[in-house]
Amino acid sequence: MSVHDALRAPAAVTEPGPVRRPGLILAFLCLAGFMTFLDVSIVNVALPTIEHELGISQTTLEYVVTTYGMVLGGFLLLAGRLADTFGRRRMLRLGLVLFALASLVAGLGHDAWELIAARGAQGLGAAFIATAALALLSGNFAEGAERNRALGAWGALSGLAAVVGVTLGGVLTDGPGWRWIFFINVPIGLVGALLAPRVVGESRAAGRGRGFDLAGAVSLTAALVLLIFTLGQTVSDGELPYARIYGGAALVVLLLAVFVVVERRTADPLIPFSVFRRKSLRAANVIAVLLLGTCVTLFFFASLFLQQVLDYSAVRTGFAYVPLAVLTAVGAGVASQLVTKVAAKPVLLVGLALATAGMLLLWRVPADASYLTDVLPAFVLMGLGLGASFVPVQVSAFAGSTEQESGLAAGLINTAQEVGGALGLAVAATWAFRRVAELTERAHGVPELVLKARTAVFHDAFLVGGVFAGAALLVTLVLLPFTKATGEPPVPRG
């Protein structure tokens, strides 16, 4: 079947299901996505407590965070195509159950590798949830204003979840304990899996049989997992493992070359390269990489700055993010309304400009910073900027897509976000930590000088985050097409 014929084919095979209730469907799918995005950041504030209670070494501790993102990012495209082929609701329910059970194991874990393995299983479940939920959302709401509002809600919650995760992580860690960071997912996941058939109908891509591009799926998934793992190797304040970094990068290039060869020869590819003909999809994925690079850099280094420089406790650090969380929701709410009236591009330009300004303010925050006069203004700009950016990025990724492509589009944009987060943290940490030894030696153990040295490291990281946001602004200005939302379906192009 040609691309032209595929676009003219029926959008999806939909099985009989519950009466369509748009509000309930949107709330249910957004809650499922919110849970997976929450777990990207909820662990950060609890890391010192986990390190102490489980006796985890500093070098092993980072894998408690990166394993989740590595597996989630690596399996997103495969999960999206499995959802298209075998049923989106079915894969959503599978992901919810797996996520809940893995969270239970993580909460009960008593050693480092048990916790890390459970985090990997959480990431796999999250990959199925994120792609299936986003594909179902796109398929249940018509192209134009209706879908834009739904994607606006999704984008708002995905951005808000990262902020709420830091806040909630601090509250739970200093309250009932860090294990409740994981236990809280168990009832939500299991109840969600039971309720899914009553809320949303089953659907799969039209024309997709039980055949599957196994070679393409294995080569691409292996390449993505290895890429995110290799990027994680660069996050070190000591001697970098150059052999693993260069060897991993070479193997990633080889696996991607194998994937391209496989995709060009198979009749039913994992990623039909024709999908990249849509300019909005190409631009949205590049912007998502840069935006999440900014976002992850912010949360990782701001959390450390508040605790290691300003001497905040875990719970105080969590509450310090509350204004950012509230304003992220406000920015997303405004953006979801504006994208239906003007277009995604101008809204995204404003959001990225605010985010860039916020990161540059953090770049200049002093070692004796006041929260109200130094940190809060930056958080205000970042909250509004992130909220106003996540929504139009999601809308742009799905602009002009058919439901047949929705699982693939969901996998692509989520993969871009996860790779962007890993890439952003790797670049920011590598650049920031490059001077740790030099600055420590120059401080001669004097407390005031040590504090200034730490602040200089964080300043370098915040500057990298600002560069990412500025680059995203430039890409939006040059590459993202100006398309106003309409209620009409896209016109197929041969």
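Summary of the structure given here. Being a predicted model, the structure only gives us computed values, none of them experimental.

## Side note on the overall build of the chain
Each helix and strand in the chain was counted, giving 19 helices and 2 strands. Taking all 494 residues of the chain together, the buried fraction comes to 57%. Look at the contacts in the chain between residues 6 or more apart in sequence, and 86% of them connect residues 24 or more apart. Of the roughly 19500 Å² that the chain leaves accessible, carbon and sulfur atoms contribute 68%.

## Examining the pattern of salt bridges
According to the stated counting rule, one finds 2 salt bridges in the structure shown. Among the ionic pairs, Asp 39 bridges to Arg 119, the shortest N-O distance being 3.4 Å. Here Asp 39, found in helix H2 (residues 22-41), pairs with Arg 119, found in helix H6 (residues 112-140); they are 80 residues apart in sequence, far enough to count as distant. The burial state of Asp 39 is the same as that of Arg 119; both residues are buried. Where Asp 84 meets Arg 88, a salt bridge forms, and the shortest distance between an N and an O atom there is 2.8 Å. Since its relative accessible area comes to 0%, Arg 88 is described here as buried.

## Some thoughts on H6
With 29 residues, H6 extends 42 Å between its outermost C-alpha atoms, agreeing within 8% with the 42 Å of an ideal straight helix rising 1.5 Å per residue. In this structure Asp 111 caps H6, since a side-chain oxygen of it lies 3.2 Å from the backbone nitrogen of Trp 113.

## Let's talk about the environment of Val 64
Residue position: Val 64 is located in helix H4 (residues 58-86). Residue Val 64 is classed as buried on the basis of its relative accessible area, which comes to 0%. Val 64 sits 55 residues away from Arg 119 along the chain, and the two C-alpha atoms are 6.7 Å apart.

## Some details on the packing of helix H14 (residues 322-341) against helix H16 (residues 371-398)
At a minimum axis separation of 7 Å, H14 and H16 run at an interaxial angle of 35°. Between H14 and H16 the crossing geometry is right-handed. Of the residues in H16, those touching H14 at Pro 323, Leu 324, Leu 327, Thr 328, Val 330, Gly 331, Ala 332, Ala 335, Ser 336 and Val 339 are Tyr 371, Leu 376, Phe 379, Val 380, Met 382, Gly 383, Leu 384, Gly 387, Ala 388, Val 391, Pro 392 and Val 395. Class assignment of the residues belonging to the contact of H14 with H16 gives a composition of 17 nonpolar, 5 polar and no charged.

## Description of the packing of aromatic side chains
For the structure shown, the criterion picks out 10 aromatic pairs. Consider the rings of Phe 300 and Phe 301, whose centres lie 5.1 Å apart with planes at 75°: the pair is edge-to-face. Ring centres 6.3 Å apart and planes at 70° place the aromatic pair Phe 301 and Phe 458 in the edge-to-face group. Placement of the pair is Phe 301 in helix H12 (residues 279-308) and Phe 458 in helix H19 (residues 447-479), with a sequence separation of 157 residues. For the pair shown, Phe 301 and Phe 458 are each scored as buried. Site record: aromatic cluster; members linked through ring pairs are Phe 300, Phe 301, Phe 305, Phe 458 and Phe 462. Between Arg 316 and the ring centre of Tyr 312, over which it is positioned, the NZ or CZ distance is 3.9 Å. Here the guanidinium or amino end of Arg 364 rests over the ring plane of Trp 363, the centre of that ring lying 4.9 Å away.

## Some points on unusual backbone geometry
Its identity is not glycine, yet Asp 311 carries a phi of approximately 65°, on the positive side. Looking at the secondary structure, you find Asp 311 in the loop between H12 and helix H13 (314-320).

## A short note on a nonpolar patch on the surface
Together, Val 171, Phe 319, Val 322, Val 326, Val 330, Val 334, Leu 338 and Val 342 make up a nonpolar patch on the protein surface, roughly 600 Å² of accessible area in all. A total of 5 residues in the nonpolar patch trace back to one element, the largest contributor, which is H14. Looking at the element boundaries, Leu 338 is found in helix H14.

## Some thoughts on H12
Here H12 spans 43 Å end to end across 30 residues, near enough to the 44 Å set by a 1.5 Å rise per residue. For H12, a buried count of 23 out of 30 residues is recorded, marking the element as mostly surrounded by other parts of the structure.

## A closer look at the nonpolar core
Leu 92 and Leu 298 are the most contacted members of the largest nonpolar core, which totals 149 residues. For this core, the element with the highest residue contribution is H12, accounting for 16 residues. With residues near it in sequence (within four places) discarded, Leu 298 still touches Ser 303, Tyr 321, Leu 324, Met 359, Leu 362, Phe 379, Met 382 and Leu 386.

Thresholds, definitions, all that
- Residues numbered from 1 in each chain as written.
- Predicted model: local features only at pLDDT ≥ 70, side-chain atom pairs only at ≥ 80, totals over all residues.
- Heavy atoms only, no water.
- Helix = DSSP H or I, 4+ residues; strand = E, 2+ residues; numbered from the N terminus.
- Buried < 20%, exposed > 50% of the residue type's maximum accessible area, 1.4 Å probe, protein only.
- Contact = heavy atoms within 4.5 Å.
- Areas by Shrake-Rupley, 256 points an atom, 1.4 Å probe, with all protein chains shown as cover.
- Salt bridge = Lys/Arg side-chain N within 4 Å of Asp/Glu carboxyl O.
- Expected span 1.5 Å × (residues − 1).
- Polar contact = N/O pair within 3.5 Å; in protein donor to acceptor, adjacent residues only side chain to side chain.
- Axes fitted to C-alpha atoms, helices over the stretch in contact; angles between N-to-C directions.
- Left-handed = near helix turned anticlockwise from the far one by under 90°.
- Nonpolar A, V, L, I, M, F, W, Y, C, P; charged D, E, K, R; others polar.
- Phe/Tyr/Trp six-rings, centres within 6.5 Å; stacked < 30°, edge-to-face > 60°.
- Lys NZ or Arg CZ within 6 Å of the ring centre and 35° of its normal.
- Patch = residues over 30% accessible without salt bridge, like charges linked within 9 Å, V, L, I, M, F, W, Y side chains within 5 Å.
- Core = buried A, V, L, I, M, F, W, Y, C linked by side-chain atoms within 4.5 Å.

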